Amino acid sequence: MPTRLAFDSVVKEFPGVRALDGVSFTAEGGQVHALMGENGAGKSTLLKILSGAYSPTAGSLEIDGQRHVFPSTAAAIAAGVAVIYQELFLVPEMTVAENLYLGHLPARGGVIKGRQLREDARRQLAWIGEDIDPDTKVSYLPIAQRQLIEIAKALTRGARVIAFDEPTSSLSSREVDRLFTIIRDLRARGHVILYVTHRMDEVFALCDAVTVLRDGRHIKTFDGMAGLTVDDVIRSMVGRDLKNVFNYTPRPHGGPALEVEAVTGPGLTAPASFSVAKGEIVGMFGLVGAGRSELLRLIYGAERRTGGQVRIEGRPLPAAGPRGSIEAGLVLCPEDRKRDGIVPVRSVAENINISARRHHATAGFVLDRGWERANAASHIASLSIKTPSAATQIVYLSGGNQQKVILARWLSENVKVILLDEPTRGIDVGAKSEIYAIIQQLAARGVGVLFVSSELPEVLGLADRILVMRGGALSGALARGEAGESAVLKCALPVSG
Ligand SMILES: Nc1ncnc2c1ncn2[C@@H]1O[C@H](COP(=O)(O)OP(=O)(O)OP(=O)(O)O)[C@@H](O)[C@H]1O
Ligand SMILES: [Mg+2]
């Protein structure tokens, strides 16, 4: 018998925010059920209620006809629920085997049976197709493997309801394939799978039903994928039609803004040379691991160059690292904005103004509170950052909204060249088009823009010119007109034979 999960009028209130407003829907076992919605729609909050991490303000849920309001995560686990968060909850200092059986280690008379533990662990790991030594410390494993171990852990606990919150955001395409195979296997066992993502391609490749939340409310559940289009889903997510996401308009280009000449360093297998003109938007495509982030970090000076030169508007960049780069008008908005970007205890406004403030201070300005308030307010509006107020601590924002705050920080900087690493990762469809508009505005002001993206439509839709990387080296440069999907992919895929 397949499992059945139903949410019944779930409400969750935080001070000043109604994150969930009476959500009811059913997810059938033997199906992968996508949960979609704009940043701040309430997806992660719903999963936290399912996992027992939050208790609902009102409402309940039902698993196989049994009604629950979980008072703790232990209660949810006991009822057969597992939630795989983006931030994983393995204990890095413990071994794989210990993590798998955390909380229910096989023991006799208080003594943990090491051999049985290892054997059980090996069996679970074999099922997820991983040849990992159960005695390995988790801290030595890459994210993708940790995620698979989380899944194995869920199964050792007999989970029948398994929820994933944006699980693929740091996986390579091969790792995504592996994850999908495992999820399909879980589906075949009749489990309920809830799957939160912003990626339409994943929804259409993997899912059997889609539920859309907007502003904490249940908007619609599509019971099947037959006849369903991307536009249908987007329309219910944002409440309107979303045409011309890119709205590309050609701009005049000036002299060189950024010149990269024979740059070498860690992560590159050949010297890299190219330039970006004033007012030009250059997109950099490549598969995960092709060396794109590494190249950006070398240009910016976050990583030490072993050779070559970088010039901003003709002037060689001093070798002073990021500090010197920022002073020269070169900024990098990193891929891992959560880790590199936010100052968690500070407010949204402070996180937006942090770099502009430094700029003002170094220029000998007195802090201008009025300007800061206006700057924060204008970015909150233009990027539709969902926050109770500019004074709210950034940690209380949803994942995607934190991303937008960090992006806003760099957009308010007085820059000549901006490097953006995956600027729309984790960001919903509506906000994506706003970010594309902002990038084009920057270029129209004469800023040179270089952005890295793993989403081909984004590169094709936004860039004036496309650079492709493969295996740590530049492998192609294509003009907007000549760059079709297959031409770009041909440069990006490993050469066979
Ligand atoms: N602990 C908290 N305290 C206060 N507000 C919170 C808390 N957690 C979430 N919120 C608010 O609840 C709303 C829903 O957030 P949630 O994280 O569920 O969104 P989401 O749909 O997962 O978005 P994203 O796609 O950006 O991850 C947001 O307005 C968020 O700011
Ligand atoms: Mg979320």
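Attention in this report is confined to the structure presented alongside it.

1. A short note on the sheet that holds strand E2 (residues 17-28)
Reading across from one edge, E2-E1-E4-E5 is the order of the four strands in this open sheet, with antiparallel pairing throughout. The open sheet has two edge strands with one neighbour each: E2 and strand E5 (66-68). Sheet twist, expressed as the mean angle between neighbouring strand axes with direction ignored, is 20 degrees. Two elements, strand E4 (residues 58-63) and E5, share three bridges in a ladder whose sense is antiparallel. By the bridge assignment, Ile-63 is partnered in E5 with Gln-66. With respect to the sheet, helix H1 (residues 43-50) is in contact with strand E1 (4-14), E2 and E4, its orientation differing from that of E1 by roughly 115 degrees.

2. Topic: the site of ligand 1
Around ligand 1, 20 residues are found, and the nearest of them are Gly-40, Lys-43, Thr-45, Ser-398 and Gly-400. Separating an oxygen atom of ligand 1 from a side-chain N or O atom of Ser-44 is a distance of 2.8 Å. Here ligand 1 has 640 Å² of accessible area as a free molecule, and 90% of this is covered by the chains. Elements with a minimum of two residues in the shell around ligand 1: E2, H1 and helix H14 (399-411). Of the residues assigned to the shell around ligand 1, the class counts are seven nonpolar, 10 polar and three charged. Here the shell around ligand 1 spans two domains, since at least three of its residues come from each of domain 1 (4-238) and domain 2 (256-492).

3. A few points about the packing of aromatic side chains
Enumeration according to the criterion identifies five aromatic pairs in this entry. Ring centres 6.3 Å apart and planes at 80 degrees place the aromatic pair Phe-180 and Tyr-195 in the edge-to-face group. Pair noted here: Phe-180 is in helix H6 (residues 173-188) and Tyr-195 is in strand E10 (residues 192-196), with a separation of 15 residues, a long-range link. Assigned by exposure class, Phe-180 and Tyr-195 land together as buried. Here Arg-480 stacks its cationic end above the ring of Tyr-248, 3.4 Å away from the centre of that ring.

4. Examining helix H9 (residues 292-300)
Taking burial as the measure, the nine residues of H9 include seven buried ones, the bulk of the element. Just beyond H9, the residue with positive phi is Gly-301, at close to 95 degrees.

About the cut-offs
Starting from 1, residues in each chain are numbered consecutively following that chain's sequence as written. Key to labels: chains lettered from A, ligands numbered from 1, both in the order written. At least 70 in pLDDT is required for a residue's local features to be given in this predicted model, at least 80 for side-chain atom pairs to be given and counted, and no such filter applies to totals for whole chains, interfaces and linings, which use all residues. Each side-chain value is derived from all of the structure's non-hydrogen atoms; neither hydrogens nor water enter the calculation. By this definition, two strands are paired if DSSP reports at least two bridges between them. Secondary structure elements are defined from DSSP: runs of H or I of at least 4 residues count as helices, runs of E of at least 2 residues count as strands, and each element is numbered from the N terminus. In this analysis, axes come from line fits to C-alpha atoms, helices being fitted only over the stretch in contact, and the angle between any two N-to-C directions falls in the range 0 to 180 degrees. We call two residues in contact when some of their heavy atoms are within 4.5 Å. Neighbouring residues are identified by heavy atoms, a residue being near a molecule or strand if any of them is within 4 Å of it. What qualifies as a polar contact is a pair of N or O atoms within 3.5 Å, subject to a donor-acceptor requirement within protein and to the restriction that residues adjacent in sequence count only when both atoms come from side chains. Accessible areas in this description were obtained via Shrake-Rupley with a 1.4 Å probe; residue shielding takes into account the shown protein chains only. Residues are grouped as follows: Ala, Val, Leu, Ile, Met, Phe, Trp, Tyr, Cys and Pro are nonpolar; Asp, Glu, Lys and Arg are charged; all remaining types, including Gly, are polar. For the domain bounds, the source is a domain assignment made automatically or taken from a database. For Phe, Tyr and Trp, rings pair up if their centres lie within 6.5 Å, where Trp contributes its six-membered ring, and each pair is then called stacked (planes under 30 degrees apart), edge-to-face (over 60) or tilted (otherwise). The buried label applies to any residue whose accessible area, calculated with a 1.4 Å probe on protein chains only, is under 20% of its type's maximum; exposed applies above 50%, and partly exposed to all values in between. The criterion for a charge sitting over a ring is simple: Lys NZ or Arg CZ within 6 Å of the ring centre, and within 35 degrees of the ring normal.

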